[in-house]
Amino acid sequence: MALSGMRGLSVFISDVRNCPNKEQERVRVDKELGNIRTRFKNEKGLTPYEKKKYVWKMLYIYMLGYDVDFGHMEAVSLISAPKYPEKQVGYIVTSCLLNENHDFLRLAINTVRNDIIGRNETFQCLALTMVGNIGGREFAESLAPDVQKLIISSSCRPLVRKKAALCLLRLYRKNPDVVNVDGWSDRMAQLLDERDLGVLTSSISLLVALVSNNHEAYWSCLPKCVKILERLARNQDIPQEYTYYGIPSPWLQVKTMRALQYFPTIEDPNTRRSLFEVLQRILMGTDVVKNVNKNNASHAVLFEALALVMHLDAEKEMMSQCVALLGKFIAVREPNIRYLGLENMTRMLMVTDVQDIIKRHQAQIITSLKDPDISIRRRALDLLYGMCDVSNAKDIVEELLQYLSTADFAMREELSLKAAILAEKFAPDLSWYVDVILQLIDKAGDFVSDDIWFRVVQFVTNNEDLQPYAAAKAREYLDKPAIHETMVKVSAYLLGEYGHLLARRPGCTPKEIFSIIHEKLPTVSTSTIPILLSTYAKILMHTQPPDPELQNHIWAIFSKYESCIDVEIQQRAAEYFALSRKGAALMDILAEMPKFPERQSSLIKKAEDTEIDTAEQSAIKLRAQQQTSNALVVSDQRPANGTAPPVSQLSLVKIPSMSSNDSNSVDPGLTEANGVLTVIDSQPPPPTTLSDDLLGDLLGPLAIEGPPGTSIKSEQNLMAGLESVSSTADNLALAPVEEQANSVQPIGSIAERFHALCLKDSGILYEDPYIQIGIKAEWRAHHGRLVLFLGNKNTSPLISVQALILPPSHLKMELSLVPDTIPPRAQVQCPLEVVNLRPSRDVAVLDLSYKFGTNMVNFKLRLPAVFNKFLQPISVSIEEFFPQWRSLSGPPLKVQEVVRGVRPLPLLEMANLFNSFRLNVCPGLDPNPNNLVASTTFYSESTRAMLCLIRVETDPADRTQLRMTVGSGDPILTFELKEFIKEQLVSIPPPSRPAAPPAQPSPAASLTDPGAMLAGLL
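To start, this report covers the structure provided alongside it. (Residues numbered from 1 in each chain as written. Predicted model: local features only at pLDDT ≥ 70, side-chain atom pairs only at ≥ 80, totals over all residues. Heavy atoms only, no water.)

Considerations on the overall build of the chain
The helix and strand inventory of the chain stands at 40 helices and 18 strands. Expressed as a percentage of contacts within the chain between residues at least 6 apart in sequence, the contacts between residues at least 24 apart total 71%. Per element, the accessible surface of the chain, about 45,800 Å² overall, is 51% carbon and sulfur. (Helix = DSSP H or I, 4+ residues; strand = E, 2+ residues; numbered from the N terminus. Contact = heavy atoms within 4.5 Å. Areas by Shrake-Rupley, 256 points an atom, 1.4 Å probe, with all protein chains shown as cover.)

Printed below as a string of structure tokens:
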């Protein structure tokens, strides 16, 4: 900007810079805007100098981020000024403030056209720059012919022609139907003879856009492009200013080779030979050097040359040379070069006859799976997936299975899917395929979609020879102490259908098979129970002669689940119970599944149809041409019994969803403070109490003593009625956090910050000398949105920033991309979407790491997406309360517990505590002043909006104990809410003291009294 002499502008900029805070800056800007608005109202009294000064001020204010909704007309009017300073500010401000659809631009079209066709080169450059920046349709219709004339004009300087070519490129990209380029083939060929490299580079950019839409019209440009590459490769007549680290105009080389890739082939043998000589020179002359800038330029040219070699389907010798060069690149230390080497080697799979050459580098590619950079690991996985065939499938799949145990959570689902597809396509025999899929489920059950185990069932059903082997393998996996729920499903199905084939083997009698499957029933979710019921019915049918003890046991299970709240489970239990009494007719009703009709695997088809990156598409195209194993062709049709549902749509990359049945065991004496595991009691709890939920106390490290006597029995009955209980690993949100070995210590108490955020929606979650993590949350029904604010507190960047969310099974969470680097004194925002699927008190964990200087810092933090965030307080009247309370007949929908070890709180403080956790205390419902009645609504996908009612009876003589009754329409919700409230009330008990005698109940009141009615119901 030509700002010399504009003292008022300089003073304004100085004033804004000296403002101590944002508020004072806004006041100064508003004052200046008011002054400018006043001066523009009296435009006739403005000199050109003053108008120019005020328009510059408007632009500066706009650059600061403030809205400028006036003065546009004054800026446009400056375009028609006769002098350069006024015209310059008019063009610049108009380009910044106005978009292509603004009405004021129509007023400037004639002036812009006059400047373009004029003889003043400076004005031409200003006009071309503005038209190129805005690129509107009206500009394209009015000015494109004049811009085209400038490009081919012999009287214009190269500077103007270069800008004209880029301006036409912009207009053509925005409006290809408006810009008329018919008959431009000869003119483009003439432009490619240009000696000025600036004009030539701009012309090549225009050519790339033209041939991408219609290459047929530009065949005459092809030999010209080859000559340009020859000129650059031989470094002939290249000015010093266009030589970058000794490489002649790398940008022009890249664009020229990209333009050649739009032509299908090169017919002329001389042109083809000349081009291959240039490409050979590029391949032979590129090496890795220490200078990063030279590396970047030379490798940009090299990889574009490799793409051109693949496009032209060069001779096998040159292709072998390309693969050898890439093999050298994937072994270097520089991660960027390794990444590009793997990506281009994956693209090479499109070319025929090179796969065997690529296989020579299989060991190095497998090594790249262990690279610290996840992007390199992804490219290595894509390459292994693409190069796999019948000859090397066994080795590659075994390596993928071995890598699966240590792979990042972000990669495990994609890795599992690809391993399953490769095993299916290239299995040497079906038994190996069954082994691979069962290992896959065992190692990464959370990331194995249902489609994969459905396929195993289909293969086993269609191949009788495989059925005994599959059933035996399923029996082996059931012997493990902890297996994933998916393994329970597939094992139960296979043993139900084909377990009778193992009857003569030790440990495989119907009673033993039933016993080992039934052991898994308490640990599975409601989606698995129907499969287990079907398995029990099949076992009963195959037990000949009938075993009365086994029969009675299974009938008792069916009878129990006939009253289950889940409709699917209830219907199956009732129907199987009735069918199992039909005797011999049961053999026909529950016969083995028929074979599936043979057709293409939808698992492979859907995976190949999924939209993924270019390198992946290259591998898929090649795999479509490969010969696959004939044994693996079955249907995806749903079995008649409905046990295996239809295959659902696949997703290659997803945020992992953690299951509640993790195989990792955790010491039951541990409980999680935020970021650390601490021991609170080394003795395990008695097996008869509710403390089987070993790490349920996530919101506070408190040891809760279960109620004695009959209360224990009632809680056992309650637990038996529940369909699933959260596992130990879930309560830790799948984060077996160890004592932190970081040299960096947090500022303040992490646990206190977490507990504070459980009660409010914004605040600081974590802080240390380098980083501060804040949270701002919004909650609506069962949906939540958290924004993580990652702030760098230092003057040096934080690098290698990685964040991973480890959600428990009841939360579906999706975190947006976290940048790898946080600049100095900067803050980045990372939105996190949360969906609550069902009631649970388990807590999600944020696993975050970063590097500052030589310090690598890693920590795990609990996220405040806790149970009470999905509660909405609701006020209930007497008329509404009692009908709801009566409808909850008893356990498990309404449960009562005597709680000891309560923190001694006055009743008012307890009511405030309840209100802070979104439990609305309803006064007037209970006449006893020592009691509290509260109501709230819980939201989740499974329960939707579910009303919850709570009554707390306190003893004024002993505030350390109370009786609590909780009721809702969902048994799991009732249990979780009771435990949640108990966690807030219970503290570690003080030294033992004599318990005060319980308060005597008051005489019965009139039936019309609300308190008496409530007491009677309780």
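Some words on the environment of Y469
Within the fold, Y469 resides in helix α25 (residues 467–478). Distance in space between the C-alpha atoms of Y469 and L502 is 9.2 Å, their sequence separation being 33 residues.

Quick notes on the pattern of salt bridges
Two side chains with opposite charge may pair up if their charged atoms get near one another. Under the defined criterion, the tally for this structure stands at 48 salt bridges. Residue D479 pairs with R475 through a salt bridge whose shortest N-O separation is 2.6 Å. R475 gets classed as buried once you look at its relative accessible area, which sits at 13%. Here E976 makes a salt bridge to R841, at a shortest N to O gap of 2.7 Å. On the criterion of sequence distance, the pair formed by E976 in helix α39 (residues 971–985) and R841 in the loop between β10 (827–836) and β11 (845–852) is long-range, its members being 135 residues apart. Take E976 and R841: they sit in the same class, and that class is buried. Through salt bridges that share partners, R378, R379, D382, E414 and K418 make up one connected network. (Salt bridge = Lys/Arg side-chain N within 4 Å of Asp/Glu carboxyl O. Buried < 20%, exposed > 50% of the residue type's maximum accessible area, 1.4 Å probe, protein only.)

A few points about the sheet that holds strand β8 (residues 799–806)
Across the sheet, three strands lie side by side as β8-β11-β12; this open sheet has antiparallel pairing. Sheet topology places β8 and β12 (855–862) at the edges, where each strand pairs with a single neighbour. With direction set aside, neighbouring strand axes in the sheet form an average angle of 10°. As paired strands, β11 and β12 are joined by eight bridges and run antiparallel to one another. Paired with S849 across the strands is N858, a residue of β12. (Pairing = 2+ DSSP bridges. Axes fitted to C-alpha atoms, helices over the stretch in contact; angles between N-to-C directions.)

Some details on the packing of helix α2 (residues 22–41) against helix α3 (residues 48–63)
Direction vectors running N to C along α2 and α3 enclose 145°, while the axes themselves pass 11 Å from each other. As α2 runs across α3, the sense of the crossing is left-handed. Mapping the contact onto sequence places V29, E32, L33, N35, I36, R39 and F40 in α2 and E50, Y54, V55, K57, M58 and I61 in α3. For the contact of α2 with α3, the residue count by class is eight nonpolar, one polar and four charged. (Left-handed = near helix turned anticlockwise from the far one by under 90°. Nonpolar A, V, L, I, M, F, W, Y, C, P; charged D, E, K, R; others polar.)

A closer look at the packing of aromatic side chains
Applying the stated criterion across every chain, the model contains 23 aromatic pairs. With 6.0 Å between their ring centres and 85° between their planes, F12 and Y60 make a pair best called edge-to-face. Note that F12 is positioned in helix α1 (residues 7–17) and Y60 in helix α3, a separation of 48 residues in sequence. Look at Y60 and you get buried, because its relative accessible area is 16%. Seen from their ring centres, W555 and F577 are 6.3 Å apart, and the 90° between their planes marks the pair as edge-to-face. Of this pair, W555 sits in helix α29 (residues 548–561) while F577 is found in helix α30 (residues 567–579), placing the two residues 22 residues apart along the sequence. (Phe/Tyr/Trp six-rings, centres within 6.5 Å; stacked < 30°, edge-to-face > 60°.)

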